[in-house]
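Next come the chains, spelled out residue by residue.
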Amino acid sequence: LGCNKIEFLGGEPLLQWDKFCKLVIRAHEKGIINIELYTNGILIDDTKIDFLKKNNIKCIIQVVKLKDNKDLLGIDKDFDYVALVQKFVRLKLNCEILLLVTNDNDMLINDYIQLFNKLCIKFRLDFIYPKPNNKYFSRKYRSLITDYKKHIIRCTPATLGILLVKNPCYYN
């Protein structure tokens, strides 16, 4: 195939669990062992954890809010991200948190970072780019976001294209 890595992202890949499993197995048959899954995590259960571990899939859990998140996630009760992350750490699964910084959570970022460090979980931050019609970006981190955008502009067109596909928040 000419590639050595596959990333599943966009929407929620776990909604199509059977297809996801078939694609992972097919990728392994073709020699592709570096597989990443971007998910909000709410559909992860023990069966999925077993499959992720057995197939050494890196799970990148996209989080906006650790608490008070039911409305954001469109579910009946708040999802316990801390319990999920603790389970991943305990089972030694390949996992990382991707925290999207918004105006709803920017005052909690330092607390989140301390928690992730305490849990010994890898994490990274991502930001919504400030645009006139975007009310969700973090005003607290606006200068950091703008400086980062300047860095992205210096990317090659091919690299920028990949960034835009992986994170549409970069669109201007």
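All chains use their own residue numbering, which begins from 1 and follows the written sequence. Note on the predicted model: pLDDT of at least 70 is required for a residue's local features to be given, and 80 or more for side-chain atom pairs to be given and counted; whole-chain, interface and lining totals, by contrast, use all residues. To get the side-chain values, all heavy atoms of the structure are used, and hydrogens and water are removed first.

## Here we look at helix α4 (residues 81-90)
Okay, step 1: Within α4 the residues assigned to the buried category are Y81, L84, V85 and F88. One side of α4 carries all its buried residues, which in axial view fall inside an arc of 95°.
Okay, step 2: Contacts from the buried residues of α4 go to α2 (46-54), β3 (58-63), α3 (70-73) and β4 (95-101).
Okay, step 3: A helix here means a DSSP run of H or I that spans at least four residues, while a strand means a run of E at least two residues long, and both kinds are numbered starting from the N terminus. At the exit of α4 stands K92, carrying a positive phi of roughly 60°. Only protein chains enter the accessibility calculation, which uses a 1.4 Å probe; a residue whose area is less than 20% of its type maximum is buried, one above 50% is exposed, and one in between is partly exposed. Relevant arc is that of directions from the helix axis to the C-beta atoms, nothing else. By definition, residues are in contact when any of their heavy atoms lie within 4.5 Å.

## As for the nonpolar core
As a rule of thumb, nonpolar side chains are buried together in soluble globular proteins.
Okay, step 1: Here, the term nonpolar core denotes a set of buried Ala, Val, Leu, Ile, Met, Phe, Trp, Tyr and Cys residues that are joined through side-chain atoms within 4.5 Å. Counting 37 residues, the largest nonpolar core has F20, L37, L52, I57, I61, F88 and I97 as its most contacted members.
Okay, step 2: At the level of elements, α1 (17-29), β2 (34-39), α2, β3, α4, β4 and α5 (109-118) are the ones that each hand at least two residues to this core.
Okay, step 3: If you tally residues by element for this core, the top one is α1, at five residues.

## Here we look at the confidence of the model for the protein chain
Residues shown with low pLDDT carry predicted positions that ought not to be read at fine detail.
Okay, step 1: Per residue, pLDDT captures the predictor's confidence, and it can take any value from 0 to 100. A residue-level look at the protein chain finds 81% of positions with pLDDT of 70 or above and a mean pLDDT of 83.
Okay, step 2: Between the elements of the protein chain, mean pLDDT differs from a low of 57, seen in helix α7 (residues 157-166), to a high of 96, seen in α2.
Okay, step 3: pLDDT under 50 marks residues 168-172. Its contacts with residues more than four places away, or in other chains, come to 15 contacts.

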